[in-house]
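# Notes for the structure review
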Amino acid sequence: MRKFFYAEKGLFLQSLHPLAALAFLGTMLVLALAFSHPLYLAGIFLVAGVTVWTAEGLETWESYLKIGLVMMTLIVLINALMVHEGRTILWRGPLIPVFGRITISLEAIYYGLAMGVRLLNVISIFCLFNLIVHPDKIINLFSRFAGKSTLVIALAARMFPVMAQRYENIRAVQQIRGVDFSRGTLKEKVQKSSLLINSLILSSLEDSLEIAESMQARAFGSGPRSRYRRHRWQPRDTLCLAGSAVALGAGLAGLFHGFGAYTFYPQMGCLVDGPGTVAVLLIVLSGLLAPAILNWGWHRCTFLRLKI
Amino acid sequence: MHLFKVENLIYFYPDREKPALAEINLVIEEGEFLLVAGESGSGKSSLARALAGLLPDFYGGRFGGKIYFRDREMRKIDRRRLAREVGMVFQDPEKQMVMTGVEAEIAFGLENLGLPPAEMFRRTAEVLSFLDLGKLREEFTANLSGGEKQKLALAAVLAMHPQVLICDEPTSQLDPAAAEDFLNLLKRLNEEMGLTVVLIEQRLERCFHLADRVLLLESGRIVLDSPPEQVARRAGIKDIPFLPPVARLFSSLGQTYVPVTVKEGRKYLQHLLSGFPGENVRFLSDQNKTGGKPIREKKQGKKTLLEASSFAGNGGKPPLAEVKNLWFTYPGGKKVLENVSFSVNAGEFVVILGENGAGKSTLLKIMAGLLKPSRGNVFYAGRELTGSNGRCEGRGAPVAYLAQNPNDYLFHDTVEEELLFTLKNFGLADDGIVDELLTKLHIERYRRTNPRDLSSGERLRVALASVLVTRPGLILLDEPTRGVDTRLKGELGAFLRAQAKEGAGVVLVTHDAEFAAEYSSRIIVISAGRIAAAGNKHEILENSLFYCPQIGKLCRGFGNGILTFDEAVQWLEPLLRAGQTARTGGAPAGASE
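Residues numbered from 1 in each chain as written. Chains lettered and ligands numbered in written order. Predicted model: local features only at pLDDT ≥ 70, side-chain atom pairs only at ≥ 80, totals over all residues. Heavy atoms only, no water.

All right, on to the confidence of the model for chain B then. Residues and elements named next belong to chain B. Residues at a pLDDT of 70 or more form 88% of chain B, whose mean pLDDT is 85. Note on residues 282-312: pLDDT under 50 across the span, and 56 contacts to partners over four residues away in sequence or across chains. Between residues 586-593, whose pLDDT stays under 50, and residues either more than four places distant or in other chains, the model counts 22 contacts. (pLDDT = per-residue confidence, 0-100. Contact = heavy atoms within 4.5 Å.)

Structure (structure tokens):
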């Protein structure tokens, strides 16, 4: 469970300013959602993988990908069965009322796969966020604009692992008191779970009062708050931000000129339909790889380590 | 000018008819170290909250009388100013953290005070360094140990530069080493930085000697307010249980001088026993051999060691529970238990001691059937545990397990329903067990009360009753003595001992060596997942530097084999009487101030 949460490992990527880290992850997310070209989507997946590797998070990524792959399979299956726009028919099934004749086309499978990769990208970006961004840093960044809301988020972020642990404890206690969660009808199982949740909520409400008391004792709400800033903007942040800006600029400009988009139906287009497709892709990937490249340089080049 | 002056303070929590504080008149001077003692529900925490300005503002309720802080009425002082002057550390470190990271947690209070960033940075850096938390600066609060969490809570308060530090049972959730560490820190803050400290504590053996003054509360009223030595002396007359064992012993023996620390006690004991040159006292704990009476034995030279009482055999029957070659590794690869083997017979009261993270709780969970061992087996009455919830094939519920947090057991509207819930789940009828347990655990009057409205001690008893209704053969308890007052601890110990006498096997995990010495029949010490020592309580505790109870430390070298209060009284009383007779007969003086 713990691997799903941020852990301080003293990594280069974890030392980025939250704004630079958010700009990098935000750019990746925007591009992953904007591009539909399989090569571009695969490229972003590759960047995500390399960055996860530099963030020493391959094990965590694997857990995320397991969930992602299950969802990807579902997307491919549903898309292949439901979309009848492809021309290259691989299998012609029976006629089903309302849905019509079931056909599976190569294009529909291909489109499902591309959308699956897009989903893996989004999941990988979320994984990266958990690996490299300390939640307090983000909260700190946003507290300037919405102090109370970010505090609520901070409290929720802190309470999540506590609640997960408590859930386990209450479940164990109920097991010892004879509740068998694996037996019974669906209704009975729901009833058992509701008792568990009931207990969890009661305890959480009691705890929240104590946390509130501790906040009150530390002058919370006694007047305007100031903001504790600890993170300084460094050259590494400028370089990462520049990389993200280049990737975003090139990606959006490419999309405007038709690169990064792809035609799946009725028949698949050509994967590489000109040097422009490759050029834009390379610029986007180079920009997105900036944090990973800087990390590599930071480890190997003393000059870079001292200067950035 | 007094720091605090409390005049006729009376306070009722909302919807309560009985006052939590009544007629409190109190003066606290600058730089004092005040220790507040008393039973659960005696008003200690309420007094702390009142002094921190949390009553009645945070809780509501009815409030009468006045509290002055530096001659200004407290309720008229701006809350921000008050928070700068008075800091409070609460009981449970888990429930006072707000932020996810260590540094942000320390800065939280400073942000609330509206301090400029440079000042916040300076204070955070200072306090991290002072409390030696620097290496944890970037750490998540969730990953800290209990001791580190409580230190962080203290750091977060100290960063606000308070003049007064109020600590409400800050060590109740910590293991002995972390607790000692925390209390020493408080003493340092008091002595080196002149901070006024108001400390509320249950386990007085650790902090009695640190205080300048001890305040004893009973039903919301102050019944004693004196320096520790005077409280110790008067305790003998008033029969106050809230004393460290050393002081309680000398006080109950009617001594005019009552030492409060082991060091003072040993010095005094040496003085008392100086009337018996060349003579050693031997004490046998085995009641069958001596009828429970200490025997004096003339012996030359070396001191005699206690003969370890052997465990009663089990008449050829398999033991009630047996743990064989148990290994446990968490899926993440963390090894918690290594080749642990032991058995528990019916009628035994086994205490498991060990540092935090030693694997004690994991062991208990495996014995309860809640975790599957990686290797090895657990047997009940010769049959292997196969069920997922402490059940063996063809048996009802042979194991009762009380987890660390009793609140996890309470979710029904009445106490009675909690007990009936377990019975229903196991398909058992109430054959009078509900009444029996409610009476035995003194919670009969709360039968129709919502368990969440009860005090923590009462909740513990309801949780215990809710697992004992199945009449289990083996009772497993995970740190039930944590944060529990002396009286309740005594009641719990006596209850469990009675359960053992009736034929149950009791296995209890605790950090409380005093409790272990008093009630257990056997002790197992676990360290880093392995059994470091196992045997008769006298064998284990007497020779332990760390787990030896205060009475054991006091008597070591004088009267070997003595661990408990009763044993010490049985040993010392005749000696002192003999010394008295000798003195009146003209023999060399033995004792007395």
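Next, the rest of the story.
On any regular strand, side chains alternate: one points to one face of the sheet, the next to the other face. Residue and element names in this part refer to chain B. Summarising burial for strand β19 (residues 474-478): five of the five residues are buried, a large majority. Burial along β19 is two-sided: the face carrying L474, L476 and D478 and the face carrying I475 and L477 are both buried. Here four bridges tie strand β18 (residues 399-402) to β19, and the two strands are oriented parallel to one another. Counterpart to A400 in the pairing with β19 is I475. Across five bridges, the pairing between β19 and strand β20 (residues 505-509) is parallel. Its bridge partner being in β20, I475 is matched across the sheet by V506. Handedness of the β-α-β unit built from β19, helix α15 (residues 486-501) and β20 comes out right-handed. (Buried < 20%, exposed > 50% of the residue type's maximum accessible area, 1.4 Å probe, protein only. Helix = DSSP H or I, 4+ residues; strand = E, 2+ residues; numbered from the N terminus. Pairing = 2+ DSSP bridges. Right-handed = clockwise from strand over helix to strand, strands pointing away.)

Turning next to the side chain of A:N121. Note that A:N121 resides in helix α4 (residues 106-132). Once residues within four sequence positions are removed from consideration, A:N121 is found in contact with A:A32, A:L41, A:I44 and A:F45.

So, on to the packing of helix α1 (residues 18-34) of chain A against α4(A). Residue and element names in this part refer to chain A. Put simply, α1 and α4 touch, their axes get as near as 9 Å, and they point 170° apart. Considering their axes alone, α1 and α4 lie roughly antiparallel with respect to each other. Taking contact as the criterion, the partners of L22, F24, L25, M28, L29, A32, L33 and A34 in α1 are, on α4, R118, N121, V122, I125, L128 and F129. Grouping the amino acids of the contact of α1 with α4 by side-chain chemistry returns 12 nonpolar, one polar and one charged. (Axes fitted to C-alpha atoms, helices over the stretch in contact; angles between N-to-C directions. Parallel < 35°, antiparallel > 145°, perpendicular 65-115°, else oblique. Nonpolar A, V, L, I, M, F, W, Y, C, P; charged D, E, K, R; others polar.)

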